[in-house]
Amino acid sequence: MRAELVIRGGLVVDGLGTPGRIADVAVTGGRIVAVGPDLEGERVVDARGRVVAPGFFDMHTHYDAQVFWDPGLTSSCWHGVTSVVAGNCGFSLAPTRPAQRQAMVRTLQAVEDMSEKMLDAGIDWRFETFGEYLALIEDRGTILNYGCYVGHSPVRLFVMGDAGYEREATDAEIARMREVVAESMRAGALGFASSFSANHRGDRGLPVPSRNGTKEEFVALASVLGELGYGAVSYAPGVPVSWRDSYAIQPAIGRPLSWTPMLTTYPERDYRQMMKTHAEGLARGADVHPQITCLPLKLQFRMDNPYYFRTVPIFLELLGHPPSEFPRFYRDPKWRAEAVRQVPDVKPPVVWEKFVVAETKKHAALVGRDVASLAKERGCSEIDVLCDLSLDDDLETRFLVVLSNDEDGPVAELMTQPGAVFGQSDAGAHVAQLCDANMPTELLAYWVRDRKVFTLERAIQKLTSELADFYGIADRGRIVPGAAADLVVFDLETIDPGPLRRVRDLPGDEERLIADQPKGIEHVFVNGVAITQDGRSLVGELASRPGQILRAGGPGANGSAGSSASRMGRSAS
């Protein structure tokens, strides 16, 4: 029988690490029905000279709110991504009672740098439980496949009310939180996520609710997944649960555990020591996966929103005031002197030579200059330079800051170590400061084609089946008969992430950075439906929304990572 669609003559890289081969891929009913030569289809896409791969996964996004107004989940959809996971760091929107809605909005505003105005205008609050949230997303529809963790912070607020922001939980409250996590998993959560990061301060500048939990509380909630036998756990480490703790607590949790991020200088300055500890943990049998990225950690920064410095007490105090009052602090010599004293403690550590003037109205000649050299030239501190330039520009001076992960050798070591997984794009968060949704195209262009750090087959595996298997999603991330037809066709010779540009297209007339001009991405299919065709995005034109809700391997979900994955793998050989 003729298939509905045949992708003909491409180099098929199946996502399982096996060598690529020239073949056709046939699709019917949103599923791959055959892989081989001389297949016939009603519609044929010529992929000769191109790579045909499974659609890419992005395991670390914050699209929990954006999914309501942007079902295409831009910019991810433009870079071959077909499946995303939200709710990272434990900041899912559900479960949330009406009384805690604004607390969650202010948490996302403070932690993930999402505009409160945007969130108030964009979120459809017709839900309280996690199951109701997923059902609402499913009813509205998405263009990409969408999965979500249930988050520790909203679970605390759901059970404890405002006290979740203030204290440890009682045994009875932990027991009720365990029930909520179990209910959320059965309703379709991909896993459980949390944060203990010192960077994560939320409503009223308080530590986010999960940071008031103990290590015992975290293990008690995460181990619900082990008892159910499906799902994955992820967290941002800090106090009281450090990244080192992951290797000791994972066996008690009983499910794959990921911590994020592992960068060249974070959470510790010595990345080789982190790699050594990780290798030792794996050797003891811990199923732990630090999240790494191929991109440098950099952001665009203004002093009317000094997000990077929020772990510094004097800046944290500043953020308790409206931005209209910031200039009086920035003019105060005593405030500046105290900021100079405290800023060396910021994490990741500041490197002033990598703090560059990017945009300025009054000092065009300084664009491209680093703050360290300007301070030396002026005989003042780097904080003085930030404050003086910003005050001259009514706080609209924009600085480009490279924080970590910008040396090729160490980044290559982190990426190629066993057990590390690609995450940390943060797509959907910090939208006015960074856009790392282009991670897959950067990996393929720079680290595969140009630097050859990975083979094409290994890089595709790390962007696809490796991440699907982490969640127990057996029918995605691979090109085999029976798998979902999430596919990307690209030109390895020309693929490139393209530039970033700033647009104002968010609810509340807010701005963001996007990466909407990649090169080399020629066709993208989600469940057999084209969302990019001949290099042109169709996201704004689609009559239907082909994305599906991704669920962990529980009853009625996508299937477990066990026998069905093995069957599909064998049928492709």
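Quick look at the structure, then. It should be emphasised that the depicted structure is a prediction, and the values quoted were computed from it without experimental measurement.

1. Quick word on the overall build of the protein chain
A count of helical and extended segments in the protein chain gives 19 helices and 22 strands. At 23 Å, the protein chain has a C-alpha radius of gyration in line with the 25 Å of a compact globule built from 573 residues. Restricting the contact set of the protein chain to residue pairs at least 6 apart, pairs at least 24 apart contribute 73%. Looking at the protein chain as shown, the accessible area adds up to about 20,800 Å², and 49% of this sits on carbon and sulfur atoms. In the protein chain, which carries 61 positive and 76 negative side-chain charges, the distance between the mean positions of the two groups comes to 1 Å.

2. Digging into the sheet that holds strand 15 (residues 398-404)
Taking strand neighbours across the sheet as the criterion, the 3 strands line up as 13-15-14 in an open arrangement whose pairing is antiparallel. The open sheet terminates on both sides in strands that have one partner only, identified here as strand 13 (297-301) and strand 14 (355-359). Direction aside, neighbouring strands of the sheet carry axes that sit 25° apart on average. When strand 14 meets strand 15, the two strands line up antiparallel, connected through 4 bridges. If you follow Val357 over to strand 15, its bridge partner there is Phe399.

3. So, helix 16 (residues 439-450)
With 10 of 12 residues buried, helix 16 lies mostly within the body of the structure. Turning to helix 16, its buried residues are Met439, Pro440, Thr441, Glu442, Leu443, Leu444, Ala445, Trp447, Val448 and Arg449. At the C-terminal side of helix 16, Lys452 shows a positive phi close to 55°.

4. Points about the pattern of salt bridges
According to the stated counting rule, one finds 43 salt bridges in the structure shown. Between Glu138 and Arg551 there is a salt bridge, with its nearest N and O atoms 3.2 Å apart. Placement of the pair is Glu138 in helix 4 (residues 130-140) and Arg551 in the loop between strand 22 (536-537) and helix 19 (563-571), with a sequence separation of 413 residues. Residue Glu138 is classed as partly exposed on the basis of its relative accessible area, which comes to 44%.

5. Topic: the pairing of strand 17 (residues 487-490)
Side-chain alternation along strand 17 places Leu487 and Val489 on one buried face and Val488 and Phe490 on a second face that is also buried. As defined by bridge partners, strand 5 (residues 51-54) adjoins strand 17 across 4 bridges and the pair is classed as antiparallel. When the sheet's bridge partners are listed, Val51 is paired in strand 17 with Phe490. In the sheet, strand 17 pairs with strand 20 (residues 521-526) via 4 bridges, with the strands oriented antiparallel. Bridge pairing in strand 20 places Phe490 opposite Ile521.

6. Describing the side chain of Ser115
Examined against the element boundaries, Ser115 turns out to sit in the loop between helix 2 (101-111) and helix 3 (116-122). Judged by its relative accessible area of 19%, Ser115 is buried. At a separation of 3.2 Å, a polar atom in the side chain of Ser115 contacts the side chain of Glu510. Among all residues touching Ser115, those that are not within four sequence positions of it are Gln109 and Glu510.

7. A word on the packing of helix 15 (residues 408-416) against helix 16
At their nearest, the axes of helix 15 and helix 16 sit 13 Å apart, and the two run at 110° to each other. As summarised for this structure, helix 15 and helix 16 are arranged roughly perpendicular, according to the angle between their axes. From helix 15, Asp408, Val411, Ala412 and Met415 reach across to helix 16, where they touch Leu443, Tyr446 and Trp447. Among the residues forming the contact of helix 15 with helix 16, the class breakdown is 6 nonpolar, no polar and 1 charged.

8. Things to note about the sheet that holds strand 16 (residues 421-422)
Strand order across the open sheet formed by 8 strands is 6-7-8-9-10-11-12-16, with parallel pairing between neighbours. Looking at which strands have only one partner, the edges of the open sheet turn out to be strand 6 (56-58) and strand 16. In this sheet, strand 12 (residues 288-292) lies alongside strand 11 (residues 257-259) in parallel orientation, the contact comprising 3 bridges. Paired with Leu257 across the two strands is Val288, which belongs to strand 12.

9. Concerning the environment of Val13
Inspection of the secondary structure puts Val13 in the loop between strand 1 (3-12) and strand 2 (21-28). For Val13, a relative accessible area of 0% translates into the label buried. Separated by 292 residues in the primary sequence, Val13 and Asn305 place their C-alpha atoms 44 Å from one another. Not counting residues within four places of it along the chain, the set of residues in contact with Val13 comprises Gly20, Val51, Val52, Ala53, Pro54, Leu456, Glu457, Ile460 and Ile479.

10. What about unusual backbone geometry?
Omega for the bond connecting Thr74 with Ser75 falls within 30 degrees of zero, at 15°, which places this linkage in the cis form. Within the secondary structure, Ser75 is located in the loop between helix 1 (66-69) and strand 7 (81-86). Its identity is not glycine, yet Asp426 carries a phi of approximately 60°, on the positive side. Considering the arrangement of structural elements, one finds Asp426 in the loop between strand 16 and helix 16.

11. Description of the packing of aromatic side chains
Remark: the centre distance and the inter-plane angle together describe each pair of aromatic rings, the angle taken between the planes. Applying the stated rule across the entire model yields 26 aromatic pairs. Between Phe196 and Tyr235 the ring centres are 6.4 Å apart and the planes differ by 70°, which places this aromatic pair in the edge-to-face class. Linking Phe196 in the loop between strand 9 (191-195) and helix 7 (215-228) with Tyr235 in strand 10 (residues 232-236), this pair joins segments that are 39 residues apart in sequence. Note on accessibility: Phe196 and Tyr235 belong to one class, buried. Where Tyr446 meets Trp447, the ring centres are 5.0 Å apart and the plane angle is 85°; that geometry is what we call edge-to-face. On the basis of relative accessibility, which here comes to 27%, the residue Tyr446 falls in the partly exposed class.

Rules of the game
- Residues numbered from 1 in each chain as written.
- Predicted model: local features only at pLDDT ≥ 70, side-chain atom pairs only at ≥ 80, totals over all residues.
- Heavy atoms only, no water.
- Helix = DSSP H or I, 4+ residues; strand = E, 2+ residues; numbered from the N terminus.
- Rg over C-alpha atoms; globule rule 2.2 N^0.38 Å.
- Contact = heavy atoms within 4.5 Å.
- Areas by Shrake-Rupley, 256 points an atom, 1.4 Å probe, with all protein chains shown as cover.
- Lys, Arg positive; Asp, Glu negative; His and termini not counted.
- Charge placed at Lys NZ, Arg CZ, Asp CG, Glu CD.
- Pairing = 2+ DSSP bridges.
- Axes fitted to C-alpha atoms, helices over the stretch in contact; angles between N-to-C directions.
- Buried < 20%, exposed > 50% of the residue type's maximum accessible area, 1.4 Å probe, protein only.
- Salt bridge = Lys/Arg side-chain N within 4 Å of Asp/Glu carboxyl O.
- Polar contact = N/O pair within 3.5 Å; in protein donor to acceptor, adjacent residues only side chain to side chain.
- Parallel < 35°, antiparallel > 145°, perpendicular 65-115°, else oblique.
- Nonpolar A, V, L, I, M, F, W, Y, C, P; charged D, E, K, R; others polar.
- Phe/Tyr/Trp six-rings, centres within 6.5 Å; stacked < 30°, edge-to-face > 60°.

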